[in-house]
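Understanding the architecture of this molecule
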Amino acid sequence: MFNGLAVVLALTTRSQATSPFVVQFSDGKVTSLKRANDRFPTEYIAPKSGLGEIHLTLRKDGQAWQPLDTKTMDAHPTGPNAVYLAPDAVTVSNRFAREGDKLLWTFDIRNVSKKPVEIGDLATPLPMNGRYVKGTGMVNSVLKHSFISGDGSFIFWMRPNSVGPYLMLTPMKGSTPEYWDTDKGGYQIYLHSKAAGEIAKTHGTKWRIPQTSVHLKPGQSASFGYVLQWAKNYDDVRDILAKEGKLDVQVVPGMTVPSDLNAKVALRSNQHIDGLEAEFPTETKITTLGKRGNYTIYNVHFAKLGENRLTVRIGKGEKTYLEFFSTEPIETLIKKRAAFLAEHQHRDASKWYNGLISEWNMETQTRLGPDNYDRIKGWRIYEVSCDDPGIGKPSFLAAKNAEYPVQSEVTALDDYIEHFVWGGLQQTTEEPYPFGIYGIPDWKTLRESTKKPHDGVEHIWRCYDYPHIMLLYSSMYRMAARHPEIKTRLKPIDYLKRAYGTAHAMYTVPAKVDGWSAYETGYYNELVITNIIADLEAKGLSKEAATLRKQWEDKTKYFVLGRPDLFGSEYAFDSTGFESTQALADYAIKHGSSIGIPKAKAKRFMDNQMALNIFCRGSIEPAYYYLGSDYRGGAGNGYTLSYMSQMGGWAVLDYGLHYAADPASYLRLGFASYLSSWALMNTGTPESNYGYWYPGKGNDGGAGGGFEPAPFGKTWLDQPIHRGSWYYGCEIDLGYSGALRAAATVVTDDPIFGRLCLGGVGQQRGSSYELIPSDGLRKRLYVRTKDANADIELDGCRFAVGKPLSLRHGALRLPIMNDGPVDSRITVSGPYQVSLGPRVLGKVGRNQKSSFPIPAGSATMIVTLSPPR
């Protein structure tokens with residue numbers, strides 16, 4: 001699993017006779033922790049910190065809770081051990097010991113008072129060295145991957161270069177993590193959390209794991225502990241979990257599960273697995289599918305929308321909780337989100353922001369605008385009308401209409417372009433910097449500014465803004481060219497020319513105005529440039545295509561042959577670029593020889609950037625808000641399910657489909673990433689009151705900009721938030737644009753689950769495998785089985801609704817519907833003979849792709865791909 005992607009080779013094994021831990025102690029705490037003989041010496045403990053503190057909250061006789069921690073107790077340290085005393089309360093005995101390849105951390109709590117004591121909180125801070133500092137190298141910090149959910153909880157820390165070993169923490173038997181938070185910026189986990197839970201409830205938090213306390217009679221004690229050990233790689237993390245009596249959990253197609261798909265769950269442990277229990281048993285169907293290898297496999301269908309918890313019972317009463325989220329079908333979500341955005345457009349010709357597609361507060365059902373910034377204060381008001389949050393919404397709406405055009409939505413987009421963008425947000429061809437895009441706080445403020453040009457009338461230097469407008473115009477071109485029945489303000493070619501002008505301006509305007517190079521950072525939505533190049537060539541605009549191709553290729557060479565900081569973006573550590581880096585790597589492998597890029601270097605770059613993409617992505621953690629989500633760093637992995645979950649997830653899926661030597665784990669993770677952030681959408685039926693997060697028909701189609709997994713905190717817009725989806729959409733529509741690019745149905749022979757249909761419902765019927773695509777678009781099918789290897793992509797048409805595709809003896813039968821007025825195309829990778837009904841359209845050679853026409857009309861046509869004889 002992902003193990004071939006380390007930037008350099010992992011360490012060789014060492015003798016078991018010597019502890020692999022190099023540890024320094026001070027006052028009973030671990031102040032330095034390293035791996036012995038590590039090729040990349042890394043300090044795992046944060047500077048001026050120590051592992052070993054214990055925080056308590058206790059009470060007697062039902063009185064008020066009293067906080068207590070070992071920092072303020074009377075301490076008696078002796079090397080790696082310490083005893084802490086709180087008179088007339090408790091003593092804490094803390095011990096560290098090396099045992100073989102492990103470091104054991106155990107502690108006892110004894111009631112030394114004359115009255116019963118209830119311990120409401122028992123928290124252990126984990127002050128690891130998680131601060132990534134730009135320019136200090138790839139081995140001087142670590143990122144946390146965590147799963148706190150009962151007896152099966154675990155944590156592991158990785159270096160940014162992804163090279164093992166990983167430092168792994170698991171609880172000992174009888175120690176059951178149930179809660180976590182960040183205390184003064186530091187991450188801590190709780191073995192009991194009743195008191196903290198009471199505080200969280202005052203913030204509106206609905207914690208999903210039972211929160212407990214422990215009662216100690218006078219003289220009674222309780223013992224707890226953790227095991228620290230080194231895991232070689234991701235597979236070793238899973239093996240250790242199973243070996244330690246925890247759970248190795250594999251899930252497909254992900255843990256955000258559309259209601260028209262099922263989830264398959266594979267469990268492995270050296271303890272007996274008693275099975276799965278549903279939170280909503282009458283609305284959940286669980287079927288045991290038996291064992292494959294060491295895994296016990298279950299099929300699960302969720303009928304209840306929203307959060308669904310499955311409880312896994314193993315061993316003698318141990319529990320682990322798996323958190324899923326059930327959504328409406330993805331096609332429904334795509335269409336609802338687009339309709340919601342168009343319906344909430346500002347339409348007032350007297351306003352300078354006429355046509356703006358703006359923000360929405362789902363908590364109060366309030367539309368934001370430049371005359372009402374709602375709860376957004378200070379410099380962050382830009383979020384409403386520009387920058388990635390403001391521009392990302394119409395770009396997704398346009399991308400959706402290139403797939404599912406709706407006249408009212410296209411009209412809304414034309415209103416946005418005519419009244420808000422052209423001559424407002426974007427300079428026209430008659431202005432000093434054609435196609436330049438204005439930045440923050442909004443274009444009106446900047447155009448009317450009296451500040452020096454760079455900060456005012458020339459504030460058009462932020463490269464990140466340009467790709468969203470490229471996507472807007474490119475999508476409008478494709479929609480208009482494909483659907484002449486839809487009325488538009490511009491001719492198709494004019495949208496395409498504006499797409500080119502915007503792309504070219506990204507490389508030239510910021511450089512002229514501010515010296516900002518668009519060549520050195522990966523941007524979201526940027527890969528649409530390759531589509532624009534292809535469309536320019538198809539329309540005979542060869543000069544423009546050549547200009548843009550040269551710019552794209554120069555960027556490709558910089559990334560593959562240079563030394564780019566792949567985590568560098570607007571922040572020192574950011575996952576923004578991993579959609580672009582996969583696209584650049586793909587281009588380098590396919591076309592690098594013509595621009596001076598050796599194929600070996602292109603492949604090395606691809607593997608490297610993929611390792612880094614997965615490094616900051618939930619890959620093992622079985623919770624819907626972690627699995628497939630990008631991580632932004634920080635002590636608690638707050639703000640998950642961001643737009644890069646799906647954009648970078650496309651990259652993982654693309655790598656698994658086309659480049660991975662062992663694709664199974666990449667396909668699983670890529671598809672889980674594609675599905676992940678759909679959990680942020682607030683949609684539903686009348687029976688579910690139109691949404692789980694913020695119920696009410698007015699929010700049906702709304703979406704949050706991220707998920708807060710902590711009990712409570714703040715969004716990046718500085719609004720208080722408790723665990724759950726944010727109430728502002730922020731940048732999530734960038735993710736949904738990426739999801740449209742990732743949407744596909746994949747048939748594969750998985751080593752754990754057997755034959756799988758990701759993004760659809762598949763079933764073996766005799767010698768034929770039948771499947772119904774349900775990935776949201778029904779336009780892409782990738783087959784990776786023992787008897788077939790094919791890429792099928794449809795342009796302008798889609799697989800027919802409810803009619804099964806079939807795979808039999810390597811031949812594919814594909815019911816296709818083209819309900820538009822223009823002929824469409826099917827593109828097939830070989831080797832296959834392609835037939836439309838009884839008519840042979842042509843043959844595709846091995847490792848080649850060819851396109852064939854699909855006639856216009858609403859009738860279902862059968863396309864057959866037959867293996868060569």
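The structure presented is a predicted model; accordingly, all values stated were derived computationally and were not measured. (Residues numbered from 1 in each chain as written. Predicted model: local features only at pLDDT ≥ 70, side-chain atom pairs only at ≥ 80, totals over all residues. Heavy atoms only, no water.)

1. Regarding the overall build of the protein
The helix and strand tally for the protein stands at 15 helices and 44 strands. For 869 residues, the compact-globule formula gives about 29 Å, and the C-alpha radius of gyration of the protein, at 28 Å, lands near that figure. The buried share among the 869 residues of the protein stands at 62%. Carbon together with sulfur atoms contributes 50% to the accessible area of the protein, which is approximately 31900 Å² in total. (Helix = DSSP H or I, 4+ residues; strand = E, 2+ residues; numbered from the N terminus. Rg over C-alpha atoms; globule rule 2.2 N^0.38 Å. Buried < 20%, exposed > 50% of the residue type's maximum accessible area, 1.4 Å probe, protein only. Areas by Shrake-Rupley, 256 points an atom, 1.4 Å probe, with all protein chains shown as cover.)

2. A short note on the sheet that holds strand β35 (residues 780-785)
Strand order in the open sheet formed by 6 strands is β32-β31-β35-β36-β40-β43, with mixed pairing between adjacent strands. Because the sheet does not close on itself, it has two edges, and the strands there are β32 (754-758) and β43 (849-854). If you compare each strand with its neighbour and ignore which way they point, the axes differ by 15 degrees on average. Sheet topology places strand β31 (residues 745-750) next to β32; 5 bridges connect them, and they run antiparallel. Considered in β32, the bridge of V747 is made with C757. Across the sheet, helix α13 (residues 643-658) touches β31, β35 and β36 (788-795), and the angle it forms with β35 is around 45 degrees. (Pairing = 2+ DSSP bridges. Axes fitted to C-alpha atoms, helices over the stretch in contact; angles between N-to-C directions. Contact = heavy atoms within 4.5 Å.)

3. Topic: the packing of aromatic side chains
All chains considered together, the criterion is met by 52 aromatic pairs. Aromatic pair W422 and F435: ring centres 5.6 Å apart, planes at 55 degrees, arrangement tilted. With W422 in the loop between α5 (407-421) and α6 (443-447) and F435 in the loop between α5 and α6, this residue pair connects regions lying 13 residues apart in the sequence. Residue classification places W422 among the partly exposed positions, given a relative accessible area of 21%. Three or more aromatic residues link up through ring pairs in this structure, and these residues are F325, Y624, Y625, Y626, Y631, Y692, W693 and F707. Of note, R375 hangs over the ring of Y727, and the distance from its end group to the ring centre comes to 4.9 Å. In this structure, R755 packs its charged tip against the face of Y769, placed 5.6 Å from the ring centre. (Phe/Tyr/Trp six-rings, centres within 6.5 Å; stacked < 30°, edge-to-face > 60°. Lys NZ or Arg CZ within 6 Å of the ring centre and 35° of its normal.)

4. Description of the state of the cysteines
On inspection of all chains with the given rule, the structure shows 0 disulfides. Of the cysteine sulfurs around C386, a residue in no disulfide, the closest is that of C730, at 13 Å. A disulfide-free cysteine, C757 has its sulfur positioned 19 Å from the sulfur of C797, the nearest such atom. (Disulfide = S-S within 2.5 Å.)

5. Overview of the confidence of the model for the protein
Put simply, the protein has an average pLDDT of 94, and 98% of its residues get 70 or more. Throughout residues 4-17 the model reports pLDDT below 50, and contacts reaching past four residues in sequence, or to other chains, amount to 31 contacts. (pLDDT = per-residue confidence, 0-100.)

6. Observations regarding the sheet that holds strand β23 (residues 306-314)
Strand order in the open sheet formed by 4 strands is β18-β24-β23-β20, and the pairing between neighbours is mixed. Each having just a single partner strand, β18 (256-258) and β20 (273-278) make up the two edges of the open sheet. On average, adjacent strands in this sheet sit at an angle of 30 degrees to one another, irrespective of strand direction. Relative to strand β24 (residues 318-327), β23 runs antiparallel, the two being bridged by 9 bridges.

7. A short note on unusual backbone geometry
With an omega of 0 degrees, the peptide bond running from V252 to P253 counts as cis. Note that P253 resides in the loop between β17 (248-252) and β18. Cis peptide bonds are those with omega within 30 degrees of zero, and the linkage from G830 to P831 qualifies with 10 degrees. As for its position among the elements, P831 is in the loop between β40 (824-829) and β41 (832-836). We note that D61 has phi near 55 degrees; this positive angle belongs to a residue other than glycine.

8. Considerations on the side chain of E708
Summarising the element assignment, E708 is placed in strand β29 (residues 707-714). Of the polar contacts made by the side chain of E708, one reaches the backbone nitrogen of A710; its length is 2.9 Å. Apart from the residues lying within four places of it in its own chain, the contact partners of E708 are G638, Y639, K714, I721, H722, R723, G724 and W726. (Polar contact = N/O pair within 3.5 Å; in protein donor to acceptor, adjacent residues only side chain to side chain.)

9. Points about α13
An ideal rise of 1.5 Å per residue puts 22 Å on 16 residues; α13 measures up with 23 Å between its terminal C-alpha atoms. Most of α13 is tucked away, with 15 of its 16 residues classed as buried. (Expected span 1.5 Å × (residues − 1).)

10. Focus: the pattern of salt bridges
According to the stated counting rule, one finds 51 salt bridges in the structure shown. D795 serves as the salt-bridge partner of R482, at 3.3 Å between the closest nitrogen and oxygen. On the criterion of sequence distance, the pair formed by R482 in helix α7 (residues 466-482) and D795 in strand β36 is long-range, its members being 313 residues apart. Using a relative accessible area of 39% as the deciding quantity, one classes D795 as partly exposed. Ionic contacts of the salt-bridge type, sharing partners, join the residues R208, E279, E307, E323 and R723 into one network. (Salt bridge = Lys/Arg side-chain N within 4 Å of Asp/Glu carboxyl O.)

11. As for the nonpolar core
In this structure, L33, L267, L322, F324 and L425 are the most contacted members of the largest nonpolar core, which totals 246 residues. Each residue touching L33, except ones within four places of it in the same chain, is listed here: F21, V22, T42, E43, Y44, I45, L103, L167, L228 and W230. L781, C797, V828 and V844 belong to the second largest nonpolar core, which has 29 residues in total. (Core = buried A, V, L, I, M, F, W, Y, C linked by side-chain atoms within 4.5 Å.)

12. Observations regarding the packing of helix α11 (residues 578-591) against α13
Interhelical geometry of α11 versus α13 gives an angle of 25 degrees and a closest axis separation of 8 Å. Accordingly, the angle class assigned to the pair α11 and α13 is roughly parallel. Handedness of the α11/α13 crossing: left-handed. Contacts between α11 and α13 involve F578, E579, Q582, A583 and D586 from the former and M644, M647, G648, W650, A651, D654 and Y655 from the latter. Of the residues in the contact of α11 with α13, the class split is 7 nonpolar, 2 polar and 3 charged. (Parallel < 35°, antiparallel > 145°, perpendicular 65-115°, else oblique. Left-handed = near helix turned anticlockwise from the far one by under 90°. Nonpolar A, V, L, I, M, F, W, Y, C, P; charged D, E, K, R; others polar.)

13. Observations regarding the environment of A800
Residue position: A800 is located in the loop between β37 (798-799) and β38 (805-808). In sequence terms A800 and Y769 are 31 residues apart; their C-alpha atoms lie 17 Å from each other. Non-local contacts of A800, meaning those with residues more than four positions away in its chain, are made with R778, P815, I816, M817 and T860.

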